[in-house]
Amino acid sequence: MKRRWISVATTAVALAALTACGGAEDAATKAVDARDFVALGDSYAAGLGAGNYGDNPDCVQSKDGGYPQVWAKLRAATGLGKVTDATCAGAKINDVRFEQLTALSQTTGWVTLTVGGNDAGWSGTLQKCLLTDDKTCQSAVDTAIAAAESTLPAELDSLYKVIRDRAPNAKVYVLGYPHLVAEPGSSGVSCESLTDARRKALNSGADSLVELIKGRATAQQGFTFVDVRKAFEGHGACTKEPWIHGIRDNLSESYHPTAEGHKAYAEALLAVTG
């Protein structure tokens, strides 16, 4: 009877195969529990305008009134994990990229983001529309949008890529911006110096910015864009029931969502997330 010799190399290969098989089974049984929620973005995400601000005077986060906090409460029954609010008023795209993403990890299951308005210089554009004439307002809007269209696509793509790399298991929801002011001819109340022509320019500019952000977000796998413009229809500044502040004593709150506006944001997000 002949003996069969099994070489050391053959044995090693067999053991390696068994180990790999076992490792795959272990990995399958140890799937990442990605339930943590991280909120990213600028003042519209931080809750500026909703009141009840926290202890960080620079970022001006609302403790409970910003849309991320409102949404997290609405989702609490579904078993969210750790909730981290990394938002900061005044944030630009690169501020989010280099200062807010440390909260992301493999256990992050949900990410919300609103950013881009400060990169477009929208605050300065609004000031020009409030303080100058119709022609200067339109020129300021045109300049802001042209600048945004030349720089934001690449910057947003880079930001979205880093978010995906750092939170590979997350569903990412990018929320846009509403029209800030009542549509021309429809306010019925005082609208500061914002004539119909200036309101038309501002709202048209907002549409251009939102469509740009929407286009980049929807091009990313696992990213969903949440458009809040319809939710705010009839509730811009200068309407009878505004969800956007007009000029405030606290100037930083001017032309930011009210508490009701942030609820509208959260409800629009909930309609998408379930």
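Right above here is the structure, for reference.
Residues numbered from 1 in each chain as written. Predicted model: local features only at pLDDT ≥ 70, side-chain atom pairs only at ≥ 80, totals over all residues. Heavy atoms only, no water.

## Let's talk about the packing of helix α4 (residues 93-100) against helix α6 (residues 134-166)
It is at 9 Å that the axes of α4 and α6 come closest, and there the two elements cross at 20°. With respect to α6, the axis of α4 lies roughly parallel. For the pair α4 and α6, the crossing hand works out as left-handed. Between α4 and α6, the contacting residues are I93, V96 and R97 on the first element and L152, E155, L156, S158, L159 and V162 on the second. Its residues assigned to classes, the contact of α4 with α6 comprises 6 nonpolar, 1 polar and 2 charged. (Axes fitted to C-alpha atoms, helices over the stretch in contact; angles between N-to-C directions. Helix = DSSP H or I, 4+ residues; strand = E, 2+ residues; numbered from the N terminus. Parallel < 35°, antiparallel > 145°, perpendicular 65-115°, else oblique. Left-handed = near helix turned anticlockwise from the far one by under 90°. Contact = heavy atoms within 4.5 Å. Nonpolar A, V, L, I, M, F, W, Y, C, P; charged D, E, K, R; others polar.)

## Focus: the pattern of salt bridges
With the rule as written, the count across this model stands at 10 salt bridges. In this structure, the salt-bridge partner of D196 is R199, at a minimum N-O distance of 2.7 Å. Highlighted residues: D196 and R199, both in helix α7 (residues 196-218), separated by 3 residues, approximately one helical turn. For R199, a relative accessible area of 6% corresponds to the buried category. Between R229 and D207 there is a salt bridge whose closest N-O contact spans 2.9 Å. Of the two residues, R229 is situated in the loop between β5 (223-226) and α8 (259-273) and D207 in helix α7; the sequence distance between them amounts to 22 residues. The class of D207 is partly exposed, set by a relative accessible area of 27%. Shared partners join several salt bridges into a network, and the residues in it are D207, E211, D227 and R229. (Salt bridge = Lys/Arg side-chain N within 4 Å of Asp/Glu carboxyl O. Buried < 20%, exposed > 50% of the residue type's maximum accessible area, 1.4 Å probe, protein only.)

## A short note on the nonpolar core
Ranked by size, the top nonpolar core spans 72 residues in total, and within it L40, L113, L159, Y160, I163, V174 and Y255 carry the most contacts. By residue number, the principal contributor to this core is α6, which donates 11 residues. Excluding residues that lie within four positions of it along the chain, V174 makes contacts with L113, Y160, I213, A217, F223, T224, F225 and V226. (Core = buried A, V, L, I, M, F, W, Y, C linked by side-chain atoms within 4.5 Å.)

## Focus on α8
A rise of 1.5 Å per residue sets the reference length of α8, with its 15 residues, at 21 Å; its end C-alpha atoms lie 21 Å apart and thus fit the reference within 8%. Among all positions in α8, only G261, H262, A264, Y265, A266, A268, L269 and T273 are buried. Between the side-chain oxygen of the N-cap and the backbone nitrogen of E260 there are 3.3 Å, and the N-cap of α8 in question is T258. Looking one or two residues past α8, G274 carries a phi angle of roughly 80°, positive in sign. (Expected span 1.5 Å × (residues − 1). Polar contact = N/O pair within 3.5 Å; in protein donor to acceptor, adjacent residues only side chain to side chain.)

## Thoughts on the sheet that holds strand β4 (residues 171-175)
Taken together, 5 strands build an open sheet; the order of strands is β2-β1-β3-β4-β5 and the sheet is parallel. The outermost strands of the open sheet, each flanked by one partner alone, are β2 (83-85) and β5. Adjacent strand axes in the sheet meet at a mean angle of 15° when their direction is disregarded. Here helix α3 (residues 67-75) sits on the sheet in contact with β1 (36-41), β2, β3 (108-114) and β4, set at roughly 145° to β3. Packing of α7 onto the sheet brings it into contact with β4 and β5, and relative to β5 it is tilted by some 160°. (Pairing = 2+ DSSP bridges.)

The values reported here are purely geometric and, on their own, carry no functional implication.
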